Amino acid sequence: MIKRTKVVEVLRRTDFGSIVNVRGWVRTHRSSKAVDFIALNDGSTIKNVQVVVNPANFDESLLKQLTTGSCISVVGELVESQGQGQTSEIQCQSIELYGTCGSDYPMQKKGQSFEYMRQYAHLRLRTNTFGAVMRIRHNMAIAIHQYFHDHGFFYFHTPIITASDCEGAGEMFQVTTQNLYDLKKGEDGKISYADDFFGKMTSLTVSGQLEGELGATSLGQIYTFGPTFRAENSNTPRHLAEFWMVEPEVAFIDLPELMDLEEDFIKYCVRWALDNCKDDLEFLNKMIDKTLIDRLQGVVKESFVRLPYTEGIKILEEAVAKGHQFEFPIEWGMDLASEHERFLVEQHFKRPVIMTDYPKDIKAFYMKMNDDGKTVQGTDVLFPQIGEIIGGSVREENYDKLMGEIERRDIPMKDMWWYLDTRRYGTCPHGGFGLGFERLILFVTGMQNIRDVIPFPRTPKSADF
Ligand code: 4AD
Ligand code: MG
């Protein structure tokens, strides 16, 4: 038997006359009296290989079964293509049918909506768009590891099951082995966790940062890259209940250096996509968003605006004075809504913005306080179309100040002693950030809904597949 060649390789080969074997799924099958054309795709590339079949040499009943979605193995001669758009094609000698695909195949028609395809998340992967998105997603993961490895960061694994709420937002999924039909309660009526698997209340992590800080204050610079879980009931095109986050954490870094790292890192990832995902990006640029490649090239070239929150508020107030209407009123101390972020990025500056020095009450407890006592050294990177793509900060390294903030916010201390030890034993200035992996994929692919850039999305009331 001839060894299988992937479509991506076959299309590069020019040793015409060789016999090759390709295997894949039929995208289209056009037949006429004299010749049949089968476009075959095996997922290795957005491109199909054209298989040219002389119907006189094959059983009519076999050819009839080669409908869209069916799976075949083809042996034939690699020849120079007569047609446009490809250099080589396969002159078919034999066909083995692995699997037929009935006319009820849900991915049959072209131009189905993404909403429709979400109902078939297990099959939508076989379409051109989702193939392109998933190959780009893979490439972005490789770029991330490459970037940090090249810059001397260590890949550090933080736990998925945790007893602490990093962001303090109380949006956690509980983890338990207790029988929920027969919950044990103490005399005070509260659930008793003593007999639960971990002997305490535990949840799925919302962020690996707290443990990441332990890594950074020993290894110098680390990054995490893993799944995170948020039980926030946000039904938006930017939120998932299960998403992947990349979190570098660096000892001895200050705010300007942290912003440099954010900008350099994200540009590296976008450049990687431009360099390594050309075919898929060209497809998405044609089919999804005609400005995609321009936008990616723009981000790589432009320097990001660095904007303190207080100045951002001024710009928004001036816009209102000039007649711009926002749904939510502008006031110092408010958390910016997506409309405000997008106004700054898309209309005012027309490039990415790194906002800094937020009011302390709209940010997490661990952010380093500025001398004004009102603002903290937090940074959000705001992107066109996306809004917040990165959230990070310099951390409060002073034990007393951090404790003061923990007490002021009534954060339960019992399970945080190990985190506070970083400030007790050889504390050091440090900081880091979290990049929402799917938000990066949204930006790089031009897709509009975060549910369409992860294979099997988890959102409120939806955990199929
Ligand atoms: O801004 P966030 O909440 O920051 C943290 O969790 C910090 N502990 C990170 C750190 O400093 N190490 O989340 C970071 C990023 C956001 O900017 C956003 O891109 C993404 O994670 N994100 C989500 N992505 C998809 N669905 C959600 N529900 C998300 N929540 C946050
Ligand atoms: Mg944030």
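The structure contained in this document is the topic of the report that follows. Just so you know, these numbers come straight off a predicted model, no measurement behind them.

## Brief notes about the overall build of the protein chain
At step 1: A count of helices and strands for the protein chain gives 13 helices and 16 strands.
At step 2: By its C-alpha atoms, the protein chain is 85 × 60 × 45 Å across when sized along the principal axes.
At step 3: Burial status across the protein chain gives 50% buried among its 465 residues.
At step 4: Summarising the internal contacts of the protein chain: among those between residues at least 6 apart in sequence, 66% fall at separations of at least 24.
At step 5: Where the 52 positive side-chain charges of the protein chain centre and where its 66 negative ones centre are 6 Å apart.

## Some remarks on the sheet that holds strand β8 (residues 174–175)
At step 1: Across the sheet, 3 strands lie side by side as β7-β9-β8; this open sheet has antiparallel pairing. The open sheet is flanked by β7 (161–162) and β8, the only strands paired with a single partner.
At step 2: Pairing between β8 and strand β9 (residues 202–204): 2 bridges, direction antiparallel. Bridge assignment links Val175 to a residue of β9, and that residue is Thr202.

## Things to note about the pattern of salt bridges
At step 1: One pass over the structure, following the stated rule, counts 23 salt bridges.
At step 2: Arg13 is paired through a salt bridge with Asp15; the nearest N and O atoms lie 2.9 Å apart.
At step 3: Exposure remark for Arg13: the relative accessible area of 27% places this residue in the partly exposed category.
At step 4: By relative accessible area, which is 32% here, Asp15 ends up partly exposed.
At step 5: Across the pair Lys368 and Glu397 runs a salt bridge whose closest N-O atoms are separated by 3.1 Å. Here Lys368, found in the loop between β13 (353–359) and β14 (375–383), pairs with Glu397, found in the loop between β15 (387–394) and α11 (399–408); they are 29 residues apart in sequence, far enough to count as distant.
At step 6: A relative accessible area of 17% means that Glu397 is categorised as buried.
At step 7: Salt bridges linked by common partners bring Glu213, Glu249, Arg395 and Arg423 together as one network.

What counts, and at which threshold
- Residues numbered from 1 in each chain as written.
- Chains lettered and ligands numbered in written order.
- Predicted model: local features only at pLDDT ≥ 70, side-chain atom pairs only at ≥ 80, totals over all residues.
- Heavy atoms only, no water.
- Helix = DSSP H or I, 4+ residues; strand = E, 2+ residues; numbered from the N terminus.
- Buried < 20%, exposed > 50% of the residue type's maximum accessible area, 1.4 Å probe, protein only.
- Contact = heavy atoms within 4.5 Å.
- Lys, Arg positive; Asp, Glu negative; His and termini not counted.
- Charge placed at Lys NZ, Arg CZ, Asp CG, Glu CD.
- Pairing = 2+ DSSP bridges.
- Salt bridge = Lys/Arg side-chain N within 4 Å of Asp/Glu carboxyl O.

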